[in-house]
Amino acid sequence: DNSDTPDEMSKVTGGCGGKSKGGKSRSKGVGSDVAAVRTVKLSTSANGDVVSTLRRALRNDDGTDRDLLNDLPAGLRALKRSGLDLVIEFHSGKKLNRADAKVCLAICREELQEEYEVSGYGWDEEDKWGELTSSESRLLLFREAVGRRIVGYASFRLTLQGECWNCMEGSPCLFVYDLLVLPEYRRKGVGKQALLTLEMAARKARLAYVCALVTSASALGPPFLSAIKGWRDDTAAVLQMDAADPDDDSFRVYAKCVDTSILQAEQQSQSVQAYARQLAAQLAAASAAPPPPLP
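Model, not experiment: these values are computed from the prediction. (Residues numbered from 1 in each chain as written. Predicted model: local features only at pLDDT ≥ 70, side-chain atom pairs only at ≥ 80, totals over all residues. Heavy atoms only, no water.)

Student: Outline the side chain of Asp100, supporting the account with residue identities and numerical values.
Tutor: With respect to the helices, strands and loops of the structure, Asp100 is situated in helix H3 (residues 98-119). What makes Asp100 buried here is its relative accessible area of 12%. The contacts of Asp100, once residues within four sequence positions are left out, are Leu141, Arg143 and Ile150. (Helix = DSSP H or I, 4+ residues; strand = E, 2+ residues; numbered from the N terminus. Buried < 20%, exposed > 50% of the residue type's maximum accessible area, 1.4 Å probe, protein only. Contact = heavy atoms within 4.5 Å.)

This is the structure we're talking about:
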(Lines give C-alpha, C1' and ligand atoms only; values in the text may rest on other atoms or scores of the structure.)
Protein backbone atom coordinates (compact mmCIF):
# COMPACT_ATOMS: atom_id res chain seq x y z
CA ASP A 1 0.00 0.00 0.00
CA ASN A 2 1.62 3.27 -1.12
CA SER A 3 -1.11 5.64 -0.02
CA ASP A 4 0.09 6.45 3.51
CA THR A 5 3.05 8.64 4.36
CA PRO A 6 6.38 7.03 5.29
CA ASP A 7 7.56 6.78 8.86
CA GLU A 8 11.11 6.78 10.27
CA MET A 9 12.60 7.71 6.91
CA SER A 10 16.33 7.05 6.69
CA LYS A 11 18.32 9.97 5.33
CA VAL A 12 19.79 9.64 1.86
CA THR A 13 22.20 12.12 0.33
CA GLY A 14 20.55 13.60 -2.75
CA GLY A 15 21.23 15.97 -5.59
CA CYS A 16 19.99 16.93 -9.01
CA GLY A 17 21.07 16.83 -12.58
CA GLY A 18 18.33 19.32 -13.31
CA LYS A 19 15.98 20.34 -10.58
CA SER A 20 12.25 20.41 -10.98
CA LYS A 21 9.50 21.41 -8.62
CA GLY A 22 7.28 19.92 -6.02
CA GLY A 23 5.79 21.21 -2.81
CA LYS A 24 2.49 22.85 -3.63
CA SER A 25 -0.50 20.62 -3.29
CA ARG A 26 -1.37 18.75 -6.46
CA SER A 27 -4.08 16.61 -4.90
CA LYS A 28 -6.70 18.56 -6.83
CA GLY A 29 -4.57 19.26 -9.87
CA VAL A 30 -5.25 18.32 -13.47
CA GLY A 31 -3.22 15.14 -13.47
CA SER A 32 -3.19 12.51 -16.18
CA ASP A 33 -6.10 10.40 -14.96
CA VAL A 34 -8.31 13.41 -14.33
CA ALA A 35 -7.55 14.78 -17.77
CA ALA A 36 -8.30 11.44 -19.37
CA VAL A 37 -11.88 11.28 -18.10
CA ARG A 38 -12.96 14.91 -18.38
CA THR A 39 -15.73 15.38 -20.95
CA VAL A 40 -15.26 19.12 -21.46
CA LYS A 41 -14.23 19.91 -25.03
CA LEU A 42 -10.66 21.12 -25.25
CA SER A 43 -8.78 22.46 -28.24
CA THR A 44 -5.03 22.08 -28.67
CA SER A 45 -2.47 22.82 -31.34
CA ALA A 46 -2.01 20.00 -33.83
CA ASN A 47 -2.85 17.31 -31.25
CA GLY A 48 -6.49 16.60 -31.95
CA ASP A 49 -8.66 15.64 -29.03
CA VAL A 50 -6.86 15.96 -25.69
CA VAL A 51 -8.73 13.18 -23.96
CA SER A 52 -7.89 10.65 -26.67
CA THR A 53 -4.27 11.81 -26.84
CA LEU A 54 -3.69 11.41 -23.12
CA ARG A 55 -5.62 8.14 -22.86
CA ARG A 56 -3.52 6.57 -25.62
CA ALA A 57 -0.35 7.80 -23.93
CA LEU A 58 -1.37 6.46 -20.53
CA ARG A 59 -3.10 3.16 -21.22
CA ASN A 60 -2.61 0.01 -23.21
CA ASP A 61 -5.56 -1.35 -25.18
CA ASP A 62 -6.49 -3.59 -22.23
CA GLY A 63 -6.63 -0.61 -19.85
CA THR A 64 -3.37 -1.32 -18.01
CA ASP A 65 -0.77 1.40 -17.49
CA ARG A 66 1.47 1.84 -20.53
CA ASP A 67 5.21 1.41 -19.93
CA LEU A 68 6.54 4.39 -21.89
CA LEU A 69 9.95 2.74 -22.26
CA ASN A 70 8.42 -0.14 -24.23
CA ASP A 71 7.79 2.22 -27.14
CA LEU A 72 11.41 3.45 -27.21
CA PRO A 73 14.71 1.86 -28.29
CA ALA A 74 15.82 -0.88 -25.90
CA GLY A 75 19.12 0.92 -25.38
CA LEU A 76 17.36 3.58 -23.32
CA ARG A 77 16.80 1.08 -20.51
CA ALA A 78 20.50 1.22 -19.59
CA LEU A 79 23.28 3.78 -19.25
CA LYS A 80 26.78 2.40 -19.70
CA ARG A 81 29.31 5.15 -20.26
CA SER A 82 31.63 7.45 -18.28
CA GLY A 83 32.18 4.60 -15.85
CA LEU A 84 28.44 4.15 -15.31
CA ASP A 85 26.53 0.88 -15.26
CA LEU A 86 22.92 1.84 -14.63
CA VAL A 87 19.56 0.33 -15.46
CA ILE A 88 16.53 2.55 -16.08
CA GLU A 89 13.08 1.44 -14.98
CA PHE A 90 9.59 2.82 -15.64
CA HIS A 91 6.98 2.81 -12.86
CA SER A 92 3.53 4.24 -12.26
CA GLY A 93 3.19 5.96 -8.92
CA LYS A 94 0.42 3.76 -7.60
CA LYS A 95 2.51 0.62 -8.20
CA LEU A 96 5.83 2.02 -7.00
CA ASN A 97 7.38 -0.19 -4.34
CA ARG A 98 7.04 1.51 -0.93
CA ALA A 99 10.74 1.14 -0.15
CA ASP A 100 11.68 2.69 -3.49
CA ALA A 101 9.23 5.54 -2.90
CA LYS A 102 10.88 6.22 0.47
CA VAL A 103 14.29 6.46 -1.17
CA CYS A 104 12.98 8.90 -3.78
CA LEU A 105 11.33 11.02 -1.10
CA ALA A 106 14.53 11.07 0.96
CA ILE A 107 16.56 12.20 -2.07
CA CYS A 108 14.03 14.93 -2.76
CA ARG A 109 13.89 16.09 0.86
CA GLU A 110 17.65 16.25 1.20
CA GLU A 111 18.16 18.23 -1.99
CA LEU A 112 15.03 20.35 -2.40
CA GLN A 113 13.42 21.07 0.97
CA GLU A 114 15.52 24.14 1.70
CA GLU A 115 15.14 25.35 -1.89
CA TYR A 116 11.34 25.10 -1.70
CA GLU A 117 11.26 27.04 1.55
CA VAL A 118 13.64 29.77 0.39
CA SER A 119 11.71 30.30 -2.85
CA GLY A 120 8.41 30.62 -1.01
CA TYR A 121 7.08 27.57 -2.83
CA GLY A 122 6.87 25.65 0.44
CA TRP A 123 7.76 22.12 1.46
CA ASP A 124 5.03 19.64 2.43
CA GLU A 125 6.36 16.13 2.96
CA GLU A 126 2.96 14.47 3.02
CA ASP A 127 2.04 16.18 -0.22
CA LYS A 128 5.33 15.18 -1.86
CA TRP A 129 4.75 11.56 -0.83
CA GLY A 130 1.30 11.72 -2.37
CA GLU A 131 2.75 13.28 -5.52
CA LEU A 132 5.24 10.44 -5.94
CA THR A 133 2.79 7.62 -5.27
CA SER A 134 -0.41 8.93 -6.86
CA SER A 135 -2.14 7.09 -9.68
CA GLU A 136 -1.31 10.05 -11.93
CA SER A 137 2.43 9.93 -11.31
CA ARG A 138 4.94 8.27 -13.64
CA LEU A 139 8.60 7.71 -12.77
CA LEU A 140 11.94 6.71 -14.23
CA LEU A 141 14.27 5.14 -11.65
CA PHE A 142 18.03 5.03 -12.21
CA ARG A 143 19.62 2.05 -10.43
CA GLU A 144 23.09 0.63 -10.16
CA ALA A 145 23.17 -2.58 -12.18
CA VAL A 146 25.10 -4.20 -9.33
CA GLY A 147 23.50 -3.67 -5.94
CA ARG A 148 20.29 -2.12 -7.32
CA ARG A 149 20.73 1.12 -5.38
CA ILE A 150 18.60 4.01 -6.65
CA VAL A 151 20.95 6.83 -7.67
CA GLY A 152 18.35 9.15 -9.17
CA TYR A 153 14.83 9.45 -10.47
CA ALA A 154 12.53 11.51 -12.67
CA SER A 155 8.94 12.09 -11.56
CA PHE A 156 6.47 13.33 -14.18
CA ARG A 157 2.87 13.32 -15.42
CA LEU A 158 1.19 13.22 -18.81
CA THR A 159 -1.17 16.14 -18.61
CA LEU A 160 -1.69 19.71 -19.88
CA GLN A 161 0.49 22.79 -19.60
CA GLY A 162 -1.99 24.18 -17.08
CA GLU A 163 -0.78 21.57 -14.58
CA CYS A 164 1.25 24.28 -12.84
CA TRP A 165 -2.01 26.15 -12.12
CA ASN A 166 -4.12 23.04 -11.44
CA CYS A 167 -6.26 23.76 -14.48
CA MET A 168 -7.35 22.11 -17.72
CA GLU A 169 -5.61 24.57 -20.02
CA GLY A 170 -2.93 24.50 -22.68
CA SER A 171 -1.55 21.74 -24.88
CA PRO A 172 -0.82 18.11 -23.94
CA CYS A 173 2.59 17.76 -22.37
CA LEU A 174 4.88 15.61 -20.33
CA PHE A 175 5.27 17.62 -17.13
CA VAL A 176 8.43 16.95 -15.10
CA TYR A 177 8.09 17.34 -11.35
CA ASP A 178 11.51 16.16 -10.17
CA LEU A 179 14.76 15.24 -11.87
CA LEU A 180 17.26 14.31 -9.17
CA VAL A 181 20.62 12.55 -9.25
CA LEU A 182 22.98 11.69 -6.38
CA PRO A 183 26.09 13.93 -6.24
CA GLU A 184 28.56 11.21 -7.23
CA TYR A 185 26.57 10.54 -10.40
CA ARG A 186 26.31 14.12 -11.61
CA ARG A 187 28.11 15.48 -14.67
CA LYS A 188 28.10 12.02 -16.20
CA GLY A 189 25.13 12.44 -18.50
CA VAL A 190 22.44 10.93 -16.28
CA GLY A 191 20.26 14.04 -16.25
CA LYS A 192 20.64 14.58 -20.00
CA GLN A 193 19.82 10.92 -20.65
CA ALA A 194 16.67 11.31 -18.56
CA LEU A 195 15.52 14.38 -20.49
CA LEU A 196 16.28 12.74 -23.83
CA THR A 197 14.23 9.71 -22.82
CA LEU A 198 11.33 11.87 -21.68
CA GLU A 199 11.44 13.92 -24.89
CA MET A 200 11.33 10.77 -26.99
CA ALA A 201 8.44 9.43 -24.92
CA ALA A 202 6.53 12.69 -25.38
CA ARG A 203 7.06 12.60 -29.15
CA LYS A 204 5.96 8.97 -29.33
CA ALA A 205 2.80 9.85 -27.38
CA ARG A 206 2.09 12.79 -29.75
CA LEU A 207 2.32 15.35 -26.96
CA ALA A 208 3.21 18.94 -27.77
CA TYR A 209 5.70 19.87 -25.04
CA VAL A 210 7.98 18.63 -22.30
CA CYS A 211 7.72 21.05 -19.37
CA ALA A 212 9.56 21.40 -16.07
CA LEU A 213 8.99 23.64 -13.09
CA VAL A 214 12.03 25.11 -11.38
CA THR A 215 11.81 27.02 -8.11
CA SER A 216 12.96 30.63 -8.12
CA ALA A 217 15.71 29.64 -5.66
CA SER A 218 17.19 26.97 -7.92
CA ALA A 219 20.84 27.54 -8.81
CA LEU A 220 21.32 24.44 -10.96
CA GLY A 221 18.01 24.02 -12.77
CA PRO A 222 18.01 27.05 -15.12
CA PRO A 223 21.56 26.64 -16.47
CA PHE A 224 21.10 22.87 -16.83
CA LEU A 225 17.93 23.20 -18.88
CA SER A 226 19.01 26.25 -20.86
CA ALA A 227 22.15 24.45 -22.03
CA ILE A 228 20.09 21.70 -23.70
CA LYS A 229 18.97 22.39 -27.26
CA GLY A 230 15.36 23.46 -27.60
CA TRP A 231 14.68 24.24 -23.94
CA ARG A 232 13.67 27.77 -22.96
CA ASP A 233 12.13 29.72 -20.11
CA ASP A 234 8.42 29.57 -20.92
CA THR A 235 7.11 31.32 -17.80
CA ALA A 236 5.66 34.26 -19.74
CA ALA A 237 3.49 31.90 -21.78
CA VAL A 238 1.96 30.07 -18.81
CA LEU A 239 1.33 33.39 -17.05
CA GLN A 240 -1.07 34.23 -19.89
CA MET A 241 -3.37 31.35 -18.91
CA ASP A 242 -6.74 32.24 -17.42
CA ALA A 243 -5.94 30.43 -14.16
CA ALA A 244 -2.49 31.98 -13.74
CA ASP A 245 -1.55 33.79 -10.55
CA PRO A 246 0.63 36.74 -11.63
CA ASP A 247 1.72 37.31 -8.03
CA ASP A 248 3.21 33.83 -7.64
CA ASP A 249 6.92 34.22 -8.33
CA SER A 250 8.04 31.10 -6.43
CA PHE A 251 8.74 29.10 -9.60
CA ARG A 252 9.49 29.35 -13.29
CA VAL A 253 8.45 27.05 -16.11
CA TYR A 254 10.91 25.72 -18.69
CA ALA A 255 9.67 23.92 -21.79
CA LYS A 256 10.70 22.30 -25.04
CA CYS A 257 8.31 21.92 -27.95
CA VAL A 258 8.36 18.42 -29.48
CA ASP A 259 5.45 18.92 -31.90
CA THR A 260 6.78 19.31 -35.45
CA SER A 261 3.75 21.25 -36.69
CA ILE A 262 4.05 23.81 -33.89
CA LEU A 263 7.79 24.18 -34.52
CA GLN A 264 7.18 24.72 -38.23
CA ALA A 265 4.50 27.33 -37.50
CA GLU A 266 6.85 29.15 -35.12
CA GLN A 267 9.61 29.10 -37.71
CA GLN A 268 7.28 30.52 -40.37
CA SER A 269 6.09 33.20 -37.96
CA GLN A 270 9.68 34.16 -37.17
CA SER A 271 10.47 34.38 -40.89
CA VAL A 272 7.47 36.64 -41.50
CA GLN A 273 8.44 38.87 -38.57
CA ALA A 274 12.02 39.09 -39.80
CA TYR A 275 10.83 40.06 -43.30
CA ALA A 276 8.48 42.69 -41.82
CA ARG A 277 11.36 44.19 -39.84
CA GLN A 278 13.50 44.26 -42.96
CA LEU A 279 10.79 46.08 -44.92
CA ALA A 280 10.25 48.54 -42.08
CA ALA A 281 13.98 49.30 -42.00
CA GLN A 282 14.05 49.84 -45.77
CA LEU A 283 11.04 52.18 -45.60
CA ALA A 284 12.61 54.11 -42.75
CA ALA A 285 15.85 54.45 -44.68
CA ALA A 286 13.98 55.63 -47.78
CA SER A 287 12.06 58.23 -45.77
CA ALA A 288 15.24 59.56 -44.22
CA ALA A 289 17.08 59.87 -47.51
CA PRO A 290 17.26 63.37 -49.01
CA PRO A 291 14.97 63.99 -51.97
CA PRO A 292 16.60 63.84 -55.41
CA PRO A 293 17.70 67.21 -56.85
CA LEU A 294 15.30 69.05 -59.09
CA PRO A 295 16.15 68.88 -62.82
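Student: Report on the packing of H3 against helix H4 (residues 125-133), specifying residues and quantitative values.
Tutor: Viewed as axis vectors pointing N to C, H3 and H4 meet at an angle of 130°, and their least axial separation amounts to 10 Å. Overall, the two elements H3 and H4 adopt an arrangement that is oblique. In terms of crossing hand, the pair formed by H3 and H4 is right-handed. In contact with Arg98, Ala101, Lys102, Cys104, Leu105, Cys108, Arg109 and Tyr116 of H3, H4 contributes Glu125, Lys128, Trp129, Leu132 and Thr133. For the contact of H3 with H4, the class distribution of residues is seven nonpolar, one polar and five charged. (Axes fitted to C-alpha atoms, helices over the stretch in contact; angles between N-to-C directions. Parallel < 35°, antiparallel > 145°, perpendicular 65-115°, else oblique. Left-handed = near helix turned anticlockwise from the far one by under 90°. Nonpolar A, V, L, I, M, F, W, Y, C, P; charged D, E, K, R; others polar.)

Student: Got a sec to walk through the side chain of Arg66? Specific residues and values, please.
Tutor: With respect to the secondary-structure elements, Arg66 resides in the loop between helix H2 (50-58) and strand S1 (78-79). At 3.1 Å, the side chain of Arg66 forms a polar contact with the backbone oxygen of Arg59. Every residue in contact with Arg66, bar those within four places of it in the chain, is listed here: Arg56, Ala57, Leu58, Arg59, Asn60, Asp71 and Phe90. (Polar contact = N/O pair within 3.5 Å; in protein donor to acceptor, adjacent residues only side chain to side chain.)

Student: Lay out the nonpolar core with the relevant residues and their values.
Tutor: Among the nonpolar cores identified, the biggest contains 60 residues, and Leu140, Tyr153, Phe156, Leu158, Leu174, Leu225 and Trp231 are the most heavily contacted of them. If sequence neighbours within four positions are ignored, Phe156 has contacts with Leu68, Phe90, Glu136, Ser137, Arg138, Leu139, Leu140, Leu174, Phe175, Val176, Tyr177 and Leu198. Of all hydrophobic cores here, the second largest spans 18 residues; its members include Cys164, Phe175, Tyr177 and Phe251. (Core = buried A, V, L, I, M, F, W, Y, C linked by side-chain atoms within 4.5 Å.)

Student: I'd like a description of the sheet that holds S1, backed by residues and values.
Tutor: Spatial ordering of the open sheet is given by S1-S2-S3-S4-S5-S6-S8-S7, a layout of eight strands whose pairing is mixed. Single-partner strands in this sheet number two, and they are S1 and strand S7 (232-233). In terms of strand pairing, strand S2 (residues 86-92) meets strand S3 (residues 138-144) through seven bridges, oriented antiparallel. Of the residues in S3, the one forming a bridge with Ser92 is Arg138. Against the sheet, H4 touches S3, strand S4 (150-160) and strand S5 (172-181), its axis set at about 120° to S5. (Pairing = 2+ DSSP bridges.)

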